Structures are given as C-alpha cells and as structure tokens.
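# Fold and geometry: a report
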Amino acid sequence: MSKFTAILIKEMKDLLRDPKIVVGMIVVPLVLFPAMGAMFRTGMKSVESEIQIGVMNQDTGHFSQELIRILEDNPGVKLYQPQSSSLEGAIQEAQTNDVKVLLVIPPGFSADVEDTTGAEIDMYAVVEGLGMSEVISSSRVDMIIQGINTQLSRTIISEKVPDTDPGNILQPITTRGYTVVRGKTVNVPPAVIAGLVSSQSFIVPVVLMVMIMFVAQMAATSMATEKENKTLETLLTLPVSRLSILAGKMGGTAVVSLISAVAYIIGFSTYMSAFQFGEVESALSLKDVGLAITPVGFLMLGISIFMAVLAALSLSMVLAVFTQDVRSAQSLVSFTIMPLVFPSMIFIFADMNSLPVALRYVLLALPFSHPTIAASALALKNYAIVLGGIVYLGVFTLVVLLIAAHMFNTERVVTAKITLGRKKSKSKG
Amino acid sequence: MTAIEVVDLVKNYANIEALRGISFMVNKGEIFGLIGPNGAGKTTTLRIVATLLEISSGIVRVFGNDVKKDPERVREKISYLPEEAGAYKNLSGIEYLNFMAQFYTNGRDIEEMVATGTSISGLEDRINDKVSTYSKGMTRKLLVARSLMMNPPLAILDEPTSGLDVINSQEVRGLIKDHARKGCTVLLSSHNMLEIEFLSSRVALIGEGRILDSGTPGELKNRYSAQNLEEVFLEAVSHE
C-alpha cells in the first residue's frame, strides 16, 4: 500500500468512525429530512380527508337546493343537517359532531340570486386547535363556494341567455400561449417552460451549496482535529512527502464529504417530494423544447462541480492550517466560504444576462458561481462560458493548491494560530 | 560517527529569540539529554531537529543530512515523540501502530513491526480497543511504542515519561536504554533531571536559549561539586 493510500484510508476511517460526523452528516439527513417530509405529508392528508359541512337552510327557493346538491356531489364533502333551528344550537351541534364548517343560508337567498341583487351566506368555521388542517378547512370551503358560484353563474346565464355558451360570458378572453425557445416555437405558455427548467435551476445551486459547505467543513475539521488532538506534529515528521499528506487528507475528506452530500441530497429530495404529491406530471419534456442537457453537457457540468469541490477542499485546508482547534476552523471556513457560495443562489431567480454588468463580473469572479452558471448555459448549449468557467476554476484551484502545498512545506502548518472564540494556548519553550 | 551536529543555531519567533546560537554534537548510539526550565528552548531545539520548525540561522545536520536543505532524508532517519502528542482517537491501538508502520516498511515486515510495537506498549488485549478509551498513561505508552518500534537511527523524545506513573516511567526508561544499546541514537529532553541523569550518556544544560554547559553527568557533577544534575543546573544558572 502506498503512503498516500495509507493516509487516505486512515482519514476515511477516522472521519467515518466519528459519531458526530456519522450522526450529524449521514444519519440525520437520511432520517430527519424524510421524517419531516412524512410528517408534512400526514398533515396534508388530514387536510385532504373528507370534510363534514353543516348546512342550516332557512331558504325555500331552488337556488339553495341547487347549492346543497352541488355540495353533496363534491367527493370530499359529507353534509350534516343540524337538528336545531337556532344558530347557537346548530353551532353547538357542529362542535360535538366534528363538523368543520357550518353554512347558514338565510331566507330569501334564492330570490336574491334570481334577482342578481347579490346573495349572501354565512360561514362558521369550527376551530378546535391551531393545526394547519384546522385553518385550511375553511379555505377549502371557500374554494368549494367559489366552484358553486361558477356553477350557479352558469345556471343563471343559461336561464337568462339561453342560446349562449355561459363560459364565453364568464371568461370572454382566453389566451393561447406560445414560447419561442432558441428560435423554435413550441405551443406552450412560458409558465410551463419556467416550470420545466425551475427544478434544474433550483437543484444545481442548492446541491452545490450543500456539497461545497460539507466539503469545506469536513476538510477544516480533518485538519483542525490533527492540531487539536496533537497528532499533526507526529504526522509531519514521518518519512512521507508533505504533498502526499495533503493529498491523502484531501482525498479522504472528499470521499466522506461526498457520502454526506449524497445523504443530504437523498434526504432533501425525499423531503421535497412531500410537497409534490398534488402535481400532475407534464407531458412536455425539456428535450421537446430543446433545453435538455446533452451527455457531453452533463460531463462538463460534472467536471465543473468536481473542480468547485476541489477548490473548496484546498481553500479550507489552507484556512484550517491557521487555526488551532476544530471550532475555530469551522467558524473561519464558514465565514470565508459562505460569502463565496451564497451569491450563486441569485441564479435560481435571475438569468446572468439580466443582471447589471458590475454584479455579473462579481459573480463571474466567484469560483463557486461557475457550476450554477454552467447548468443554465448548458441547457442553452452555450459551451464557451462553461469551458471558460472550468478553466477559471482550474486556475483558481491550482493557485490555492500551490498555496496549500507551500503552507504544508513550511513551519506555518505547525505555528500558525488563529483562535476564534477561545483563548490562545501558550507556546512552549 | 556523528548522529546530530548543531552549530550556532538561532531561532526567532517574531520578536522573541527562542535560541541564541546553540551548538552541540551527538554521537551515534549515544543518549543525549537536554535539560532546562520551561521556555529554555529544549522543545524548540527538538522540533528543529525533527524538521518541524525552520532555522533562523546556523546549521543542523542529522547523519550528515541538512535539516534545511534535505528534510525528507532527515525524516527517514528519525522518529519524533512530542511532549503533548496524541493518537487518532477513532482508531484502535493496533490500527494506529499499523498505520504508522506503513511509512517505514512494507509487506510482512509491517506485521513484525506492529508486533514489536504491541509488545513495547504493554497494552496486551487493550491494543484492540479504540484509543479514545485509553487513559493518558496508556496513550503515552502507545506513543512511546510507536516511536521505538521501527528501531529508528535517531529517536527524538520530548518528555518521554510525561503522564506516566512511576512504574511505567521506569519501564519506558528501560526501553530507551535497550534501544540505545542496539545502536539507536536518542535525543531527549526532560524537566526531570534525575531521569536525564539516569538515561543520558551526555547532557547539555539549556537556559534562555543558550547552552550553559555540557558533558557527561559525572563530569558536570564534578565540575560544579554537586550531588546531582538538579544542583548542577542551579549552580550553572547562578554562574550566568
């Protein structure tokens, strides 16, 4: 086994056996996020379940009967007829019979609808707690009433203007949407295209930020642990090149960080899927509109992300060299890396070309923006900017790596001491 | 043959002069002790010989290899035990020795070296337990075992018995003497002057970054008409 491999394996063992790392960075995302998603889904299911609506009908006309019929036809609704003739009695019954909403149709309701003078009904939401399902129940009834309004409008229009399609009066203008994507016209509105690309433009920056922060924290922890546990001095006097030590530590850290990042991505995706259960799969794909990333594009995106991870690793190693303990290293790395990663989040909301020129150049100067820029540029087949980004990241990483290697070859790796939030320990004679 | 050659060694940290031109030589197979109070420059000297710190001026050679020009060759000849050393807490004792052995040998020799280390450590079955479960003394014995198991040409030991009880300290001193008898050169520092007197063939007294005097323990005691090295040191300091 080569000396580099020995360090790499030691690094992985040391990190993967650390309960803090295993629990915090692997178990928690794989358990906590899906659990949160499951809880949300359970909450939403209770909201979606059948709702009992009480109707106190004081009207004798046919429109109130029509309203009750539409309510009865609604699959998520169970009707309850209060026995009491008084409002107080009906509310009390609602409370004891798990009726979430009580509708009171006043006398003369049908006549008001008939005369188009504006009919009113009273809605009493029965709230037992402050859970989401309680609050949403009344808004569900609002939506049902909205639907009833539309249906009643159609009935009134049909009665008053018999030979006309009520839809044309309710909505006299309809829009047929087309989008021109890279010179190709597709007959879908821009909102649909935006929906298709949103997952891509959202996932790459989020995943990248998670990965970069993990890699950075892990590299800082790995280096600072050597200092805190007083193992670094021994390691540096072993018959192995300092470059092999640096490479071994970076390699081991990268593997463990990637495992953590994958755990977070799986956990996060499971969590996010809890919010998508109501969505209908679109028949349209990015390929249909010419926005799909080609296999070569994916390779370039992979290279770009890999280079960004390498840049974060080297930068964190250099920063951690200056610290004495794990806490200081993690703080220093967060303070330094976060401002370099966070601005790339802007690409979730805005295209680079729509940004002011100065901001555009600032973002281009930040190394961690480039994989995010690459994700949208590759969809538009703009390979030049992606290649430029990869070259820039390569140069940035090389410079940081050279600094890291230089630091490892000097006494600074032993003597540099930045302490954040703790007292400095005295140097010995 | 000269194992260590230190000539006019100066080490400055920012505005502090840690070493002010010290010189000494250590012969092969010798146990050479550095004694002095806290902040005298003992650890700095050891860390320079171990290639951890850079020299401000002067010359340091280990078996003829310049620590400044050829640190990697020097590292092939040495084994360094820092005073405040630790071992990887998430590895077992045997995994730690195995990891270290891979830098000095390969193949079946690794197993032999680890077996030697296990025997030196005296940890018996506990060698298979995680280092995080060890007491301070057990960790120190593991580290001493690590520094001696490869039979290094030069062992640099900073306070080798630090944190050990009387019995274990005695055992470690015996191990150091045994290794010197096999031809291993030892450069050690200690606050414990009786320990240095027991172990060292020659001694240098360091105070405020300078060598105050050097010689065999016998020579020094005669020179200062002292009963032991503690008295020698106090006398040497008072002459300054």
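Conventions we followed
- Residues numbered from 1 in each chain as written.
- Chains lettered and ligands numbered in written order.
- Predicted model: local features only at pLDDT ≥ 70, side-chain atom pairs only at ≥ 80, totals over all residues.
- Heavy atoms only, no water.
- Helix = DSSP H or I, 4+ residues; strand = E, 2+ residues; numbered from the N terminus.
- Buried < 20%, exposed > 50% of the residue type's maximum accessible area, 1.4 Å probe, protein only.
- Contact = heavy atoms within 4.5 Å.
- Areas by Shrake-Rupley, 256 points an atom, 1.4 Å probe, with all protein chains shown as cover.
- Buried area = accessible area lost by both parts, 1.4 Å probe.
- Salt bridge = Lys/Arg side-chain N within 4 Å of Asp/Glu carboxyl O.
- Polar contact = N/O pair within 3.5 Å; in protein donor to acceptor, adjacent residues only side chain to side chain.
- Nonpolar A, V, L, I, M, F, W, Y, C, P; charged D, E, K, R; others polar.
- Core = buried A, V, L, I, M, F, W, Y, C linked by side-chain atoms within 4.5 Å.
- Domains from an automatic or database assignment.
- Pairing = 2+ DSSP bridges.
- Axes fitted to C-alpha atoms, helices over the stretch in contact; angles between N-to-C directions.
- Patch = residues over 30% accessible without salt bridge, like charges linked within 9 Å, V, L, I, M, F, W, Y side chains within 5 Å.

Turning our eyes to something else, we now look at the overall build of chain B. Of the regular secondary structure elements, chain B holds nine helices and 10 strands. Across its three principal directions, the C-alpha atoms of chain B cover 50 × 40 × 35 Å. The buried share of chain B, reckoned over its 240 residues, is 57%. A fraction of 65% describes how many contacts in chain B between residues 6 or more apart in sequence connect residues 24 or more apart. Total accessible area computed for chain B in this model is approximately 10,100 Å², and 46% of it derives from carbon and sulfur atoms.

Our focus in this paragraph is unusual backbone geometry. All names here are of chain B. Even without a glycine there, the phi angle at T51 is positive, about 70 degrees. At E208, a position not held by glycine, the phi torsion is positive, near 50 degrees. Mapping E208 onto the fold places it in the loop between strand 9 (202-207) and strand 10 (210-215). Accessibility expressed as a relative area gives 56% for E208, which makes it exposed.

It is worth spelling out the interface of chain B and chain A at this point. With 39 residues of chain B in contact, the opposing surface of chain A contributes 30 residues. Both sides together, the interface formed by chain B and chain A hides about 3,100 Å², and carbon and sulfur atoms give 54% of it. Joining chain B to chain A, the criterion identifies five salt bridges. Close ionic contact of K13 of chain A with E95 of chain B constitutes a salt bridge, the shortest N to O distance being 3.6 Å. Applying the counting criterion to the chain B and chain A interface returns 11 residue pairs in polar contact (both at pLDDT 80 or more). Sorting the residues of the side of chain B that touches chain A by element identifies helix 1 (42-49), helix 2 (71-77), strand 6 (78-81) and helix 3 (93-101) of chain B as the ones contributing at least two each. Classifying every residue of the side of chain B that touches chain A by side-chain character gives 16 nonpolar, nine polar and 14 charged.

Here we come to the nonpolar core. If you look at the biggest cluster of nonpolar residues, it comprises 142 residues, and the most contacted ones within it are I337 and F368 of chain A together with I4, L142, L154, I156 and L187 of chain B. Excluding residues that lie within four positions of it along the chain, F368 of chain A makes contacts with L208, I212, A308, A311, A312, I337, L340, V341 and S344 of chain A.

Along its sequence, chain A is organised into domain 1 (3-40 + 183-415) and domain 2 (49-164). Centre-to-centre, using C-alpha coordinates, domain 1 of chain A lies 53 Å away from domain 2 of chain A.

Each strand in a sheet pairs with its neighbour through backbone hydrogen bonds, running either in the same direction (parallel) or in the opposite one (antiparallel). Residues and elements named next belong to chain A. The strand order across the open sheet formed by four strands is 2-1-3-4, and the pairing between neighbours is mixed. The sheet is open, and its two edges are formed by strand 2 (77-80) and strand 4 (122-125), each paired on a single side. Shown here is a sheet whose adjacent strand axes are inclined to one another by a mean of 25 degrees, direction ignored. Sheet topology note: the strand 1 (residues 51-57)/strand 2 ladder contains four bridges and is parallel. Opposite I51, over in strand 2, you have V77 as the bridge partner. Each of strand 1, strand 2 and strand 3 (101-105) touches helix 3 (residues 62-73); the most contacted strand, strand 1, lies at about 170 degrees to it. Helix-sheet contacts for helix 4 (residues 87-96) involve strand 1, strand 2, strand 3 and strand 4, and the interaxial angle to strand 3 is about 155 degrees.

Moving on to a nonpolar patch on the surface. Residue and element names in this part refer to chain A. Taken together, the side chains of V23, V27, L30, V31, V262 and I266 present a nonpolar region at the surface, about 480 Å² in accessible area. Elements represented by at least two residues in the nonpolar patch include exactly helix 2 (19-48) and helix 10 (242-273). Of the residues forming the nonpolar patch, the biggest block, four residues, is contributed by helix 2. Relative to the helices and strands, V23 is located in helix 2. On the accessibility criterion, V23 (45% relative accessible area) is partly exposed.

Residue and element names in this part refer to chain B. Taking burial as the measure, the six residues of strand 9 include five buried ones, the bulk of the element. Here four bridges tie strand 3 (residues 31-35) to strand 9, and the two strands are oriented parallel to one another. The partner of G33 across the bridge, within strand 9, is V203. Both strand 9 and strand 10 contribute to a ladder of five bridges, which runs antiparallel. The residue bridging G207 from the neighbouring strand is R210, located in strand 10. Between strand 9 and strand 10, which pair antiparallel and follow one another directly, the connecting turn spans two residues, one of which, E208, has a positive phi of 50 degrees.

Here we take up the pattern of salt bridges. Scanning the entire structure with this criterion turns up 21 salt bridges over all chains. Close ionic contact of E17 of chain B with R20 of chain B constitutes a salt bridge, the shortest N to O distance being 4.0 Å. When its relative accessible area of 44% is taken as the criterion, E17 of chain B is described as partly exposed. For E197 of chain B, the salt bridge is made with K221 of chain B, and the minimal N-O distance between the two is 2.6 Å. Here E197 of chain B is found in helix 7 (residues 193-199), whereas its partner K221 of chain B is found in helix 8 (residues 217-223), with 24 residues between them in sequence. Accessibility expressed as a relative area gives 18% for E197 of chain B, which makes it buried. Among the charged side chains, a network of salt bridges with common partners joins K10, E11, E226 and K249 of chain A.

Turning our attention to the sheet that holds strand 1 (residues 2-13) of chain B. All names here are of chain B. Read across the open sheet, the four strands follow the order 2-1-4-5; overall the sheet is antiparallel. Each edge of the open sheet carries a strand with a single partner, namely strand 2 (16-27) and strand 5 (65-66). Across nine bridges, the pairing between strand 1 and strand 2 is antiparallel. Bridging across to strand 2, I4 finds its partner in V26.

All names here are of chain B. Counted residue by residue, helix 1 has eight buried out of eight residues, so it is predominantly covered. K42, T43, T44, T45, L46, R47, I48 and V49 are the residues of helix 1 that are buried. Backbone geometry just downstream of helix 1 places T51 in the positive-phi region, at approximately 70 degrees.

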